[in-house]
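Observations on the three-dimensional arrangement
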Amino acid sequence: MVKVKFIASLCLFLGFLVGLNLIKGQNLVRSNSATLYLAETKTIADGVIDGYLGNRWDHSWQVKQGFGGNDLAESEWGKSLFRKNRLKFYPSLEGVGSANGGDVQRNGNVLNVAPVVTAVARYHLPPTGKYNILLWSRFEKHSVLSEENLDPFGHDFSSNQEPGRVSFHGSDSTWSEYDVGDGGIILFYPEGEFTVGKSNPIWGPGYTGQLLFSKKAPSFTQISIRHKFSENWQFSSVHGWLNSNIDDSTYLDVYGPHGGLPLIRKYVAAHRMDVWIKKNFRIGFGESVIYGGRGVEPVYLIPFIFSWSSQHDLGDSDNLQMFFDFDWVMKRLGRFYGAFYLDEWDFVDTFSDSSRSWTAYQFGAAISLPIIQNWSPLLRVEYTRLSPYVYVHRSQVNSVEHHGHWLGYWSGPNSDNFFSAVEFMPRSDIWLQLYYQSSRRGEVTDETIDAQYDHQSVEFLYKTYEGEVETRTIMGLKAAAAVNSWLKLELELYSDDWLQRLDKSGVGRTSDQKMDAVIKLVIGL
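Let me begin by describing the structure that accompanies this report. (Residues numbered from 1 in each chain as written. Predicted model: local features only at pLDDT ≥ 70, side-chain atom pairs only at ≥ 80, totals over all residues. Heavy atoms only, no water.)

**What about helix α7 (residues 446–453)?**
Where α7 is concerned, the buried positions are Thr448, Ile449, Ala451, Gln452 and Tyr453. One or two steps after α7, the chain reaches His455, where phi turns positive at roughly 60°. (Buried < 20%, exposed > 50% of the residue type's maximum accessible area, 1.4 Å probe, protein only. Helix = DSSP H or I, 4+ residues; strand = E, 2+ residues; numbered from the N terminus.)

**Comments concerning the pattern of salt bridges**
All chains considered together, the criterion is met by 34 salt bridges. For Glu297, the salt bridge identified is with Arg294, shortest N-O distance 2.6 Å. The salt bridge partner of Arg440 is Asp416, with a shortest N-O separation of 2.7 Å. Remark: Asp416 occurs in strand β21 (residues 415–427) and Arg440 occurs in strand β22 (residues 430–441); sequence separation between them is 24 residues. Accessibility expressed as a relative area gives 4% for Asp416, which makes it buried. (Salt bridge = Lys/Arg side-chain N within 4 Å of Asp/Glu carboxyl O.)

**Remarks on a nonpolar patch on the surface**
Taken together, Leu93, Val483, Trp486, Leu489, Leu491, Leu493, Ile519, Leu521 and Ile523 make up a surface patch of nonpolar side chains, about 690 Å² in accessible area. At the level of secondary structure, the elements contributing two or more residues to the nonpolar patch comprise β24 (487–502) and β25 (509–524). Here Trp486 lies in the loop between β23 (470–484) and β24. (Patch = residues over 30% accessible without salt bridge, like charges linked within 9 Å, V, L, I, M, F, W, Y side chains within 5 Å. Areas by Shrake-Rupley, 256 points an atom, 1.4 Å probe, with all protein chains shown as cover.)

**Regarding the packing of aromatic side chains**
Evaluated as defined, the whole model comprises 25 aromatic pairs. Geometrically, the ring pair formed by Tyr291 and Tyr300 is tilted, given 4.7 Å between the ring centres and 45° between the ring planes. An identical accessibility class is assigned to Tyr291 and Tyr300; each is buried. Lying across the ring of Trp276, Lys228 places its NZ or CZ 5.1 Å from the centre. (Phe/Tyr/Trp six-rings, centres within 6.5 Å; stacked < 30°, edge-to-face > 60°. Lys NZ or Arg CZ within 6 Å of the ring centre and 35° of its normal.)

**Looking at the environment of Ser310**
Structurally, Ser310 is set in helix α6 (residues 307–313). Take Ser310: its relative accessible area is 4%, and that puts it in the buried class. For the pair Ser310 and Leu252, spaced 58 residues apart in the sequence, the C-alpha separation amounts to 33 Å. The residues touching Ser310, leaving out its near neighbours within four places in the chain, are Val299, Tyr300 and Ile305. (Contact = heavy atoms within 4.5 Å.)

**Digging into unusual backbone geometry**
Omega for the peptide link from Asp151 to Pro152 comes to 5°, which places this bond in the cis form. Mapping Pro152 onto the fold places it in the loop between β6 (131–146) and β7 (167–169). Of note in the backbone geometry, Phe157 takes a positive phi value of approximately 55° without being a glycine. Along the chain, Phe157 falls in the loop between β6 and β7. Located in the positive-phi region is Tyr391, a residue other than glycine, with phi close to 75°. Following the sequence through the fold, Tyr391 ends up in the loop between β18 (378–386) and β19 (401–402). Tyr391 gets classed as buried once you look at its relative accessible area, which sits at 0%.

**Some thoughts on the environment of Leu125**
Here Leu125 lies in strand β5 (residues 110–125). Taking the relative accessible area as the measure of exposure, Leu125 reaches 30% and is therefore partly exposed. Linking Leu125 and Gly292, residues 167 residues apart in sequence, is a C-alpha distance of 38 Å. Look past the residues within four positions of Leu125 in its chain and what remains in contact with it is Tyr131, Asn132, Ile133 and Leu187.

See below:
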């Protein structure tokens, strides 16, 4: 009996040791262009769709590595100093400098410097090594210095991620500060993962952005699950807490006229099913709903109930969206994908003259070029179009926004974007891309929102000002280099021609053209 207990204990111990080496989430992989290129070239070479391309997190914890390996930059010296125990710290310094404003300014030097600390702890759950828990936290403190006025601060008409709250250094509008805090608790199990955390879900196959969830808006707190019923069926759901940017005046007596008021509550609930019809063909479909002005609706916390039906039961006061996307890969030839987004579908009016047609769509392809094949060159083409009706709502709290920025595609309603590029990797630690992008954006006003709810047509790229519609054309070169485990570099050289740009004052429009160079440096300990 003693021998049996000893052997059983030994087996459990060995299983524990094996499990430690197989724990999911060993690497932090950020969603960036070079990592997407690696995932896409492998997908095309193997002829098998990688689910990462259509359903991922901005901060993904996984066994597979991204460009340059782990996005937790680390040195041997730092390993001996900060990572001896279960709770490991990864301090780093990130800096982004632009010679002519980047996409924050139209001219003048801009420098964004941020010390970053990521803390990670992993726990293996016995006895068989199939379950484990990852706890992580990441804090970034950004200081932005500019030769020109930074107020208002943001990345207008750009896919770059927006910060949340921005403050200025006293009365100096050339020095702004903001911070970013992300983190969570993830339970990994054989069929998937359950997360309570704060990050950006990225849903959709697009390269320049996604129609439903992208990384344009700041990250938000959420409860999510991703579960594989089989090799061919995967279910995902998210319930998130959003920033409405609307003060709740019912608290005025509590906080007083000079105190900061709490915001009206706002939420998003979404779920999707991905089905691999074949290894090289995936379809995905699902729903999302934006609601607020009240507490959490329990029915939206149940991920397997159709939100379309639930919001009917709740009085049709919420903002419902439906979506469909697909991925198709032809081995050694290319990947082809598309997405369709339907906002507040009215089934009864679908085929009538008053049909709302509140839609957005996206189609793209990445083609493997038959030249210099050891560099794995890709030709990339993508087009995205959003009607004037999507993302907005007659109730402000129900707009598809977080912190005043679109949850979905970065150009917003009444816009389109064409992107093309050639990219390649001459070495395993160097990625290069030559690209061209042309974006157009019309206006969305209170009048156009009223018109859409009155079943009146609003023409695409509608505008109230004279002349051509706002257009931004960018072409340039991007490069990334993973010098070693603790140093990474990114460089961008580009020309930016922006017609009918809205002046920072919000009054009047102007046009300008510039050349710029942007360099990003990440040094990790």
